Amino acid sequence: MNARQIEAFRAIMRCGTLTGAAAALGVSQPALSQLLLHAEDQLGFKLFQRQRGRLVPTPEAEQLLPEAERLHRDFEGFRRFAMELRRGQAGTVRLACSAPPALSFVPRALQAFRKACPAVRLVSNVVPVSVLTEMLGRGDADLGVAMSDRPQPLIRTETVGGSEIVCVLPAGHALAMRKSVGAAELAGETLISYRADNLPGELLSRGLAQEGLAFRPQVEIDVSVIALSFVRQGIGIALVDGLLPWDDFSGLVVRPFRPRIALPITLMTGTRKPLSLAQEKLRSLLQEALRDYAASPAARGLVKATI
């Protein structure tokens, strides 16, 4: 029996007549009779006997009714779930992002997403870019937000904005009196910055080389937020991304760095399968949140949205 035949069977069992069941289902009596005949042919036994103008269930029909009721509940649950998926109100969305986006514009997007899709399960991971791309490649994450546009197999990368390298200094440092910090002024300072083999480190190395200077941080970091405690402790000054809301942390001063070195802000998705409606919704909200953040004072004019 298919779903329509089960629905007809339940209606006849409830109403006791073809006329009443047809009216309840909104179909003609002949159409309902055909459904019943086809169901009985497929089953190989009668479901009803006609007695004095009424349909009397056979013992087999009585035994089938609990299963029909269970299947009906399952079908109704399936329909509701499909409707929720169509509206982006069900399912799971798995997001992986690096620390700078996670501490700046991503929370705005997640707040809006939870409001728009409260029934969707949201899984969020803050991981280094190398781990993020592995998660997307394996299918362990649906969306990624990072500061890298390096091509990766099985990953689609879309640049949605950009930020700049900034100089983060301890409050009271002599260079904090300047409006910006130039590369030549790093001489004699303990430099905290990225390893040369990741994208920000590579861009810094290239930018300083154009100034005739070498990029040799004495303290290497993988994630820019790690520089926070190092600078606060007076270990040195940091060249890091300007996406983080550095002004939210006490004891620090942030100045633009020259030469200007731009960093991409990207959205990443796997190429193995398309995004669900809920995942597309989060993708759109991430772009909107970045636009709002770029226009806010927290961005200090160092962040832009390109989409």
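The coordinates are above.
These figures come from a predicted structure and were not determined experimentally. (Residues numbered from 1 in each chain as written. Predicted model: local features only at pLDDT ≥ 70, side-chain atom pairs only at ≥ 80, totals over all residues. Heavy atoms only, no water.)

Draft legend 1. Region of interest: the overall build of the protein. A tally of helices and strands in the protein yields 10 helices and 13 strands. In terms of overall size, the protein is more extended than a compact globule, its C-alpha atoms giving a radius of gyration of 31 Å where 307 residues would be expected to give roughly 19 Å. Projecting the C-alpha coordinates of the protein onto the three principal axes gives extents of approximately 105 × 35 × 30 Å. The 307 residues of the protein split such that 44% are buried. Of the contacts made within the protein by residues no fewer than 6 positions apart, 73% connect residues no fewer than 24 positions apart. For the protein, the accessible surface area stands at approximately 15,600 Å², while carbon and sulfur atoms represent 52% of it. Distance from the positive charge centre (37 side chains) to the negative charge centre (29 side chains) of the protein: 5 Å. (Helix = DSSP H or I, 4+ residues; strand = E, 2+ residues; numbered from the N terminus. Rg over C-alpha atoms; globule rule 2.2 N^0.38 Å. Buried < 20%, exposed > 50% of the residue type's maximum accessible area, 1.4 Å probe, protein only. Contact = heavy atoms within 4.5 Å. Areas by Shrake-Rupley, 256 points an atom, 1.4 Å probe, with all protein chains shown as cover. Lys, Arg positive; Asp, Glu negative; His and termini not counted. Charge placed at Lys NZ, Arg CZ, Asp CG, Glu CD.)

Draft legend 2. Seen up close, the side chain of Glu69. For Glu69, the position within the fold is in helix 4 (residues 59-86). Its relative accessible area of 17% is what places Glu69 among the buried residues. Within polar-contact distance, the side chain of Glu69 engages the side chain of Arg10 at 3.0 Å. Excluding residues within four positions of it along the chain, Glu69 makes contact with Arg10 and Arg14. (Polar contact = N/O pair within 3.5 Å; in protein donor to acceptor, adjacent residues only side chain to side chain.)

Draft legend 3. Region of interest: helix 2 (residues 18-25). Along helix 2, the residues that are buried comprise Leu18, Ala21 and Ala22. One face of helix 2 carries all of its buried residues, which in axial projection span an arc of 100 degrees. Turned more than 90 degrees away from the buried face of helix 2 sit Thr19, Ala23 and Ala24, all of them exposed. Structurally, helix 2 contributes buried residues whose contacts are with helix 1 (3-15), helix 3 (29-43), strand 1 (48-51) and strand 2 (54-57). (Arc of directions from axis to C-beta.)

Draft legend 4. The packing of helix 2 against helix 3, seen in detail. Interaxial distance between helix 2 and helix 3 falls to 9 Å at its minimum, and their mutual angle equals 105 degrees. On the basis of their axis angle, the class for helix 2 and helix 3 is roughly perpendicular. Contacts between helix 2 and helix 3 involve Leu18, Thr19, Ala21, Ala22 and Leu25 from the first element and Gln29, Leu32, Ser33 and Leu36 from the second. Broken down by class, the residue content of the contact of helix 2 with helix 3 amounts to six nonpolar, three polar and no charged. (Axes fitted to C-alpha atoms, helices over the stretch in contact; angles between N-to-C directions. Parallel < 35°, antiparallel > 145°, perpendicular 65-115°, else oblique. Nonpolar A, V, L, I, M, F, W, Y, C, P; charged D, E, K, R; others polar.)

Draft legend 5. Region of the structure containing the pairing of strand 11 (residues 252-258). The sheet contact formed by strand 6 (residues 155-170) and strand 11 spans five bridges and is antiparallel. By the bridge assignment for strand 11, Pro170 is matched with Leu252. With two bridges joining them, strand 7 (residues 181-182) and strand 11 adopt parallel strand pairing. Considered in strand 11, the bridge of Gly182 is made with Arg258. (Pairing = 2+ DSSP bridges.)

Draft legend 6. The arrangement of the nonpolar core in detail. In this structure, Phe105, Val168, Val240, Trp246, Phe257 and Leu286 are the most contacted members of the largest nonpolar core, which totals 62 residues. Ranked by the residues each element gives to this core, the list is headed by helix 10 (residues 277-294), at eight residues. Those residues in contact with Trp246, other than ones at most four positions away along the chain, are Val166, Val168, Ser224, Val225, Leu228, Val240, Asp241, Leu252, Val254 and Arg300. Listed in part, the 17 residues of the second largest apolar core include Met13, Leu35, Leu36 and Ala61. (Core = buried A, V, L, I, M, F, W, Y, C linked by side-chain atoms within 4.5 Å.)

Draft legend 7. Representation of the packing of helix 1 against helix 3 within the structure. Packing of helix 1 against helix 3 brings their axes to within 9 Å, and their N-to-C directions diverge by 110 degrees. On the basis of the axis angle, helix 1 is roughly perpendicular to helix 3. Here Arg4, Gln5, Ala8 and Ile12 of helix 1 lie close against helix 3, whose contacting residues are Leu32, Leu35, Leu36, His38, Ala39 and Gln42. Among the residues making up the contact of helix 1 with helix 3, the classes are represented as six nonpolar, three polar and one charged.

Draft legend 8. A look at the packing of aromatic side chains. Within the structure shown, the criterion is met by two aromatic pairs. Geometrically, the ring pair formed by Phe9 and Phe48 is tilted, given 6.0 Å between the ring centres and 50 degrees between the ring planes. In this pair, Phe9 is assigned in helix 1 and Phe48 in strand 1, connecting sequence segments 39 residues apart. The exposure classification of Phe9 matches that of Phe48, with both residues buried. Taking the centre distance of 6.2 Å and the plane angle of 70 degrees together, the rings of Trp246 and Phe249 count as edge-to-face. (Phe/Tyr/Trp six-rings, centres within 6.5 Å; stacked < 30°, edge-to-face > 60°.)

Draft legend 9. Up close: the pattern of salt bridges. Considering all chains together, one arrives at 18 salt bridges under this definition. One salt bridge connects Arg10 with Glu69, and the closest N-O pair in it is separated by 3.0 Å. Pair noted here: Arg10 is in helix 1 and Glu69 is in helix 4, with a separation of 59 residues, a long-range link. For the pair formed by Arg10 and Glu69, the shared burial category is buried. One salt bridge connects Arg195 with Asp197, and the closest N-O pair in it is separated by 2.9 Å. Assessed through its relative accessible area of 30%, Arg195 is described here as partly exposed. Among the charged side chains, a salt-bridge network with shared partners connects Arg10, Arg14 and Glu69. (Salt bridge = Lys/Arg side-chain N within 4 Å of Asp/Glu carboxyl O.)

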